[in-house]
Amino acid sequence: MNLISGFLDLVPVGILQGLTYALIAIAIMIPFRILNFADMTGEGSFPFGACVCAKFLMLGLDPVTSLLAGALAGFLAGLLTGFIHEKVKINTLLCGILVLSMLYSVDIRVMGQPNAALFTFASIFSALPGDGGGYLPRTVMLGAIDIAIAGLVIWFLGTQHGMAMRAIGSSAAMAKAQGINVKVYTLCGLGLANLFASMGGAVLAQNQGFADVNMGFGVLVNGLAALLLGEALIGNRSMTRQVIAPVIGSIVYFQLISIVLTLGFQPSDLKLVTAVFVLATLLAMAARKRKGTPSRKLKPVTP
């Protein structure tokens, strides 16, 4: 009974965290699933958005403007990754690593310190009843934000520009042959993905009341775990399911984290648990793929 009650106490917290980190899961989905571009910039864009948002709040700007400024900062980070890839022609993973390494120093320059408390500043939750609202009002607001963003992404991917972006992910060579500007759409796709990642960081900073340059450590693995879990639960055979999968997966993932904590694991163990979960999921997907593809027997060649 203690385990059950302990888990039930963590359910509201898990839902709130899941809705917050759903933005980074969507940000990972776009380059990995739509563009077929292995991008690690999200791990740097997440704290970058939080730090820019915190700086704007400290300068006296309103929470919404600060949130949008943090999102725009992530968009620029994504453009930088795409620009390096197109100009220098180096590996996509290395491009993301270079940019997220740069952003660590930029974050400290932006805030002027490694972390900043935001408890005394207004947030997007300040308008909620009850002095910023409890778990339920904040959950409703974050749920509305996630639904709006998922709806916009689904709508965009159905437009001509969105389908051009999807064509690049399927075959960049074929898309180029059809007259699609691969460079421009890749840049826009990476910018859009990192816009959502940095928005997630800005939302988290306003929700928890502080920003830290290290708050992005491990979010890429968390987002990837949420994406894989969501795809395993609802599939990705349609574009709607592909976009909704990271949101559902993020909510379920943090409930699984709550179960792990209830079983007695320490918070410091969560990175290990997440990595093992991602590895196990990838192995299961690979085994299922091999099982679903029967081997072809070679027929003897008759003269």
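Conventions we followed
- Residues numbered from 1 in each chain as written.
- Predicted model: local features only at pLDDT ≥ 70, side-chain atom pairs only at ≥ 80, totals over all residues.
- Heavy atoms only, no water.
- UniProt positions renumbered as here; feature names shortened; annotations may be inferred.
- Helix = DSSP H or I, 4+ residues; strand = E, 2+ residues; numbered from the N terminus.
- 1 Å grid on protein atoms, 1.4 Å probe; cavity = no way out; pocket = protein on both sides within 12 Å on 5 of 7 lines; lining within 4 Å.
- Points joined across faces, edges and corners; volume = space filled by probe spheres on them.
- Nonpolar A, V, L, I, M, F, W, Y, C, P; charged D, E, K, R; others polar.
- Polar contact = N/O pair within 3.5 Å; in protein donor to acceptor, adjacent residues only side chain to side chain.
- Phe/Tyr/Trp six-rings, centres within 6.5 Å; stacked < 30°, edge-to-face > 60°.
- Lys NZ or Arg CZ within 6 Å of the ring centre and 35° of its normal.
- Buried < 20%, exposed > 50% of the residue type's maximum accessible area, 1.4 Å probe, protein only.
- Contact = heavy atoms within 4.5 Å.
- Axes fitted to C-alpha atoms, helices over the stretch in contact; angles between N-to-C directions.
- Left-handed = near helix turned anticlockwise from the far one by under 90°.

The chain is annotated in an unreviewed UniProt entry as Sugar ABC transporter from Pandoraea bronchicola. Note on the chain: under the UniProt heading Subcellular location (unreviewed entry), the record states "Cell membrane".

Chemist: Explain the UniProt feature "transmembrane region" (unreviewed entry) in the chain to me, please; I cannot follow it from the model alone.
Modeler: In the numbering adopted here, UniProt assigns the feature "transmembrane region" (unreviewed entry) to residues 12-32, 67-85, 92-111, 135-157, 184-205, 217-236, 243-264 and 270-287. Helix makes up 91% of residues 243-264 and strand 0%, with an end-to-end C-alpha separation of 33 Å. This span, residues 270-287, is 100% helix and 0% strand, and a straight line between its end C-alpha atoms measures 25 Å.

Chemist: Got a minute to help me understand empty space enclosed by the protein in this structure?
Modeler: Once rolled over the atoms, a probe with the size of a water molecule shows which space is left empty. A complete count under the given rule lists one cavity of 30 Å³ or more for this structure. Approximately 50 Å³ is the volume attributed to the largest cavity. Contributing to the lining of the largest cavity are Ala27, Ile28, Pro31, Asp39, Gly42, Ala193, Asn194, Ala197 and Leu220. Where the lining of the largest cavity is concerned, the elements lending two or more residues are helix H1 (2-34) and helix H8 (182-208). For the lining of the largest cavity, the per-class residue count stands at six nonpolar, two polar and one charged.

Chemist: Even after reading the chapter, I still don't get the environment of Ser126, so can you show me in this structure?
Modeler: By secondary structure assignment, the location of Ser126 is in the loop between strand E1 (115-117) and helix H5 (135-157). Residues Ser126 and Leu98, spaced 28 residues apart in sequence, show a C-alpha to C-alpha distance of 37 Å. Within polar-contact distance, the side chain of Ser126 engages the backbone nitrogen of Ser123 at 2.8 Å.

Chemist: Hey, could you run me through the packing of aromatic side chains in this one?
Modeler: Remark: the centre distance and the inter-plane angle together describe each pair of aromatic rings, the angle taken between the planes. All chains considered together, the criterion is met by three aromatic pairs. Through a chain of ring-to-ring contacts, three or more aromatic side chains come together here, namely Tyr21, Phe46, Tyr253 and Phe254. It is Arg138 that lies over the ring of Phe125; its NZ or CZ is 4.5 Å from the centre.

Chemist: Where do I start with the side chain of Ser250 in this structure?
Modeler: For Ser250, the position within the fold is in helix H10 (residues 239-262). Taking the relative accessible area as the measure of exposure, Ser250 reaches 1% and is therefore buried. There is a polar contact of 3.4 Å between the side chain of Ser250 and the backbone nitrogen of Ala22. When near neighbours in sequence (up to four residues on either side) are disregarded, Ser250 contacts Gly18, Tyr21, Ala22 and Ala226.

Chemist: Teacher, can you tell me more about unusual backbone geometry here?
Modeler: Negative phi is the rule for most residues except glycine; trans is the rule for most peptide bonds. In this structure, Asn36 is a non-glycine residue whose phi angle is positive, near 55°. Mapping Asn36 onto the fold places it in the loop between H1 and helix H2 (42-58). A residue is classified by how much of its surface remains accessible, and Asn36, at 58% relative accessible area, is exposed. Residue Lys89 is not a glycine yet carries a positive backbone phi of 60°. Its location among the elements puts Lys89 in the loop between helix H3 (63-88) and helix H4 (92-111). Looking at Lys89, the relative accessible area reads 57%, which means it is exposed.

Chemist: Is there a simple way to think about the environment of Asn91 in this case?
Modeler: Checked against the element boundaries, Asn91 lands in the loop between H3 and H4. When the C-alpha atoms of Asn91 and Asp39 are compared, they prove to be 9.8 Å apart, with 52 residues separating the residues in sequence. Within the structure, the side chain of Asn91 is placed 2.8 Å from the backbone nitrogen of Leu93, a separation counted as a polar contact.

Chemist: Sorry, what's going on with the packing of H2 against H3 here?
Modeler: In the contact formed by H2 and H3, the axes pass within 8 Å of each other and the chain directions differ by 145°. The handedness of the crossing between H2 and H3 is right-handed. Facing H2, whose interface residues are Ser45, Phe48, Gly49, Val52, Cys53, Phe56 and Leu57, H3 presents Pro63, Ser66, Leu67, Ala69, Gly70, Ala73, Gly74 and Ala77. Split into classes, the residues belonging to the contact of H2 with H3 amount to 10 nonpolar, five polar and no charged.

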